[in-house]
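# Reading the structure
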Amino acid sequence: MKIINAEQTRQLDQYTIENEPIASIDLMERASLRFSEWFSNKFSSQKTIKIFAGMGNNGGDGLAVARMLYQNRYKVEVYIIKYSDTGSIDFHKNEKRLSKLPIKIIRLDENSKHPELGEQDIIIDAIFGSGLNRPIRGFTACLIQHLNDSAALKVSIDIPSGLFCDNFNADENIFRADHTLSFQFPKLSFMLPQNHVYVGEWAIKDIGLHKEKIEHLPTSFFFIDQDYISSILKTRKKFDHKGTYGHALLVGGSYGKIGAVVLATKAALRSGAGLISARVPSFGYTILQSNVPEAMCITEQNEDENTHPPFDSFSSIGIGPGMGTDANAQSLFISILQQINFPIVVDADAINLIGKYPALMDLVPKGSILTPHPKEFERLTSGKYHNQYERLEVQREFAKEYEVTVLVKGAHSSIALPSGEVYFNSTGNSGMATGGSGDVLTGIITGLLAQSYRPEYATILGVYLHGLAGDFAAKEKSETAMIASDIINNLGEAYKTILS
Ligand SMILES: NC(=O)C1=CN([C@@H]2O[C@H](COP(=O)(O)OP(=O)(O)OC[C@H]3O[C@@H](n4cnc5c(N)ncnc54)[C@H](OP(=O)(O)O)[C@@H]3O)[C@@H](O)[C@H]2O)[C@@H](O)CC1
Ligand SMILES: [K+]
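The protein chain has the name Bifunctional NAD(P)H-hydrate repair enzyme in an unreviewed UniProt entry, where Sediminitomix flava is given as its organism. What UniProt records for the protein chain under Subunit (unreviewed entry) is the sentence "Homotetramer."

Listed below in structure tokens is the structure:
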């Protein structure tokens, strides 16, 4: 699914009005109806719904929603924030429609007292939407602080007021929603962890904007959905054999950290790769062989004995989990980089080594996949950014410059491709912030790469599967109690879901 910017949203809105065609007031009615249905399914009608509406089209939505919720038997009060002398045409049309109902409407300006709010209320924020073009100031800013301080549950229409769709806002005057329902597409700002405090849990509803126009809107940002995953997923054929699915190699482990390779190796097996080998220090041999009997094991003892294929004959290599950054790890990494010329997966300590010795990046084959968590990404790029919007740009530039895929892990993990496109993940939960979760992901992506997925698809599919398996694990064990092995154990459920 595309993520489009505020200006494109405005154009698409206009195009839909002209070409569906539909009157703008009817499009507003449709959007408001989607919001009201979603709201009514989710929130009890015992509380008083206090709707704070601005004077643009977001405010218009708020007034239409007030009417609809009243008709759904909610107790509704409306506050109109008079930050301007005139409102949008559709705002005024909805104001007129609302005035015919016995709903309390209070107009707030700089001379008004702040309304009383408490746990018995639900606030609906319709002050500003995608038309916000500067930080909020004056009495509207004070009002937003007052709303934020209240104990009421907070819900935003389309986007929390004060948050920009696509740009950083250093300001504090932003509504802090517990829930946001956005129209048609998620906004770029929803993808960034720093905005979670404003956006809360978010959902999107299709409001029927013009399909053909959407197809032609250019964008660099995408939200990974199940349809997209189905379009890149390969299916197995009857006469395939284990050679068809490649031979993946996982490289890593150090004293006390062999478990990282065990997890990555198991995950690579479950991802569907045909054969798996793991390369660990010799003291990890027994641990690996007894924990993952399906895998073959290479150590410094048998690597020169011609008993295993040379590094350049594997279908894919994932390097870094638990590897450490000492001289041995460094020379192994360099030796592998010098022997191969196909894309590999670079994770954890292999990334830290590049952070320490940036020239190593020149040896990393084009098309490779780097999978840092935010701290590792900071080491990799010397942290040349001040907020997550800037980080995203640095991530894109890095991917373009080195022609690699860069996956920064976190909620809505971001995947920057060499083309400059960025994909955000839609699966996963906070239970996945647990030791070994990243090793599992490396295993999955390495396993997919072995199955001849293009690096960008292996990453996108890998991240989605990993998150989905994590969601099943959380259902089974809870977000709190789940561990990385539970993610591996649920990869089967994840595959079944995307194959169905
Ligand atoms: N997507 C769709 O297709 C559909 C979208 N719909 C809805 O429309 C919403 C977008 O509506 P919108 O364009 O009227 O913008 P909105 O945010 O209400 O702002 C209004 C005006 O406020 C002003 N202003 C800006 N910043 C300011 C500030 N800091 N302090 C003070 N004033 C400020 C600025 O005017 P200016 O002062 O710059 O002239 C701006 O024009 C969207 O979020 C969704 O809810 C649906 O109804 C139907 C389908
Ligand atoms: K809003």
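Taken together, the protein ligands of the potassium ion (ligand 2) are Asn-58 (OD1), Asp-125 (O), Phe-128 (O), Ile-157 (O) and Ile-159 (O), with distances of 2.6 to 3.1 Å. Between consecutive donors of the potassium ion (ligand 2), the numbers of intervening residues give the motif N-x66-D-x2-F-x28-I-x1-I. Of the two residues, Asn-58 is situated in helix α3 (residues 57–71) and Asp-125 in strand β5 (residues 121–126); the sequence distance between them amounts to 67 residues.

Another point: the pairing of strand β7 (residues 179–183). Taking burial as the measure, the five residues of β7 include five buried ones, the bulk of the element. The two faces of β7 match: His-179, Leu-181 and Phe-183 on one face and Thr-180 and Ser-182 on the other face are all buried. For strand β6 (residues 153–157) and β7, the ladder comprises three bridges, and the chain directions are parallel. Looking across to β7, one finds that Ile-157 is bridged to Leu-181. Relative to strand β8 (residues 201–205), β7 is paired through five bridges, and the arrangement is parallel. When the sheet's bridge partners are listed, Phe-183 is paired in β8 with Lys-205.

Our focus in this paragraph is the site of ligand 1. Close to ligand 1 lie 22 residues; Asn-58, Asp-61, Gly-129, Arg-134 and Asp-158 are nearest. Here Ser-130 contributes a backbone N or O atom positioned 2.9 Å from an oxygen atom of ligand 1. Here an oxygen atom of ligand 1 and a side-chain polar atom of Asn-133 are 2.8 Å apart. By residue number, the principal contributor to the shell around ligand 1 is α3, which donates three residues. Along the lines of polarity and charge, the residues of the shell around ligand 1 split into ten nonpolar, eight polar and four charged.

All right, on to the UniProt feature "domain: YjeF N-terminal" (unreviewed entry) in the protein chain then. Look at the UniProt record and you will see "domain: YjeF N-terminal" (unreviewed entry) annotated at residues 9–215. With 37% helix and 19% strand, residues 9–215 has its two end C-alpha atoms placed 13 Å apart.

The rules behind these values
- Residues numbered from 1 in each chain as written.
- Chains lettered and ligands numbered in written order.
- Predicted model: local features only at pLDDT ≥ 70, side-chain atom pairs only at ≥ 80, totals over all residues.
- Heavy atoms only, no water.
- UniProt positions renumbered as here; feature names shortened; annotations may be inferred.
- Donors = N, O, S within 2.8 Å, 3.2 Å for Na, K, Ca; no water.
- Helix = DSSP H or I, 4+ residues; strand = E, 2+ residues; numbered from the N terminus.
- Buried < 20%, exposed > 50% of the residue type's maximum accessible area, 1.4 Å probe, protein only.
- Pairing = 2+ DSSP bridges.
- Near = heavy atom within 4 Å.
- Polar contact = N/O pair within 3.5 Å; in protein donor to acceptor, adjacent residues only side chain to side chain.
- Nonpolar A, V, L, I, M, F, W, Y, C, P; charged D, E, K, R; others polar.

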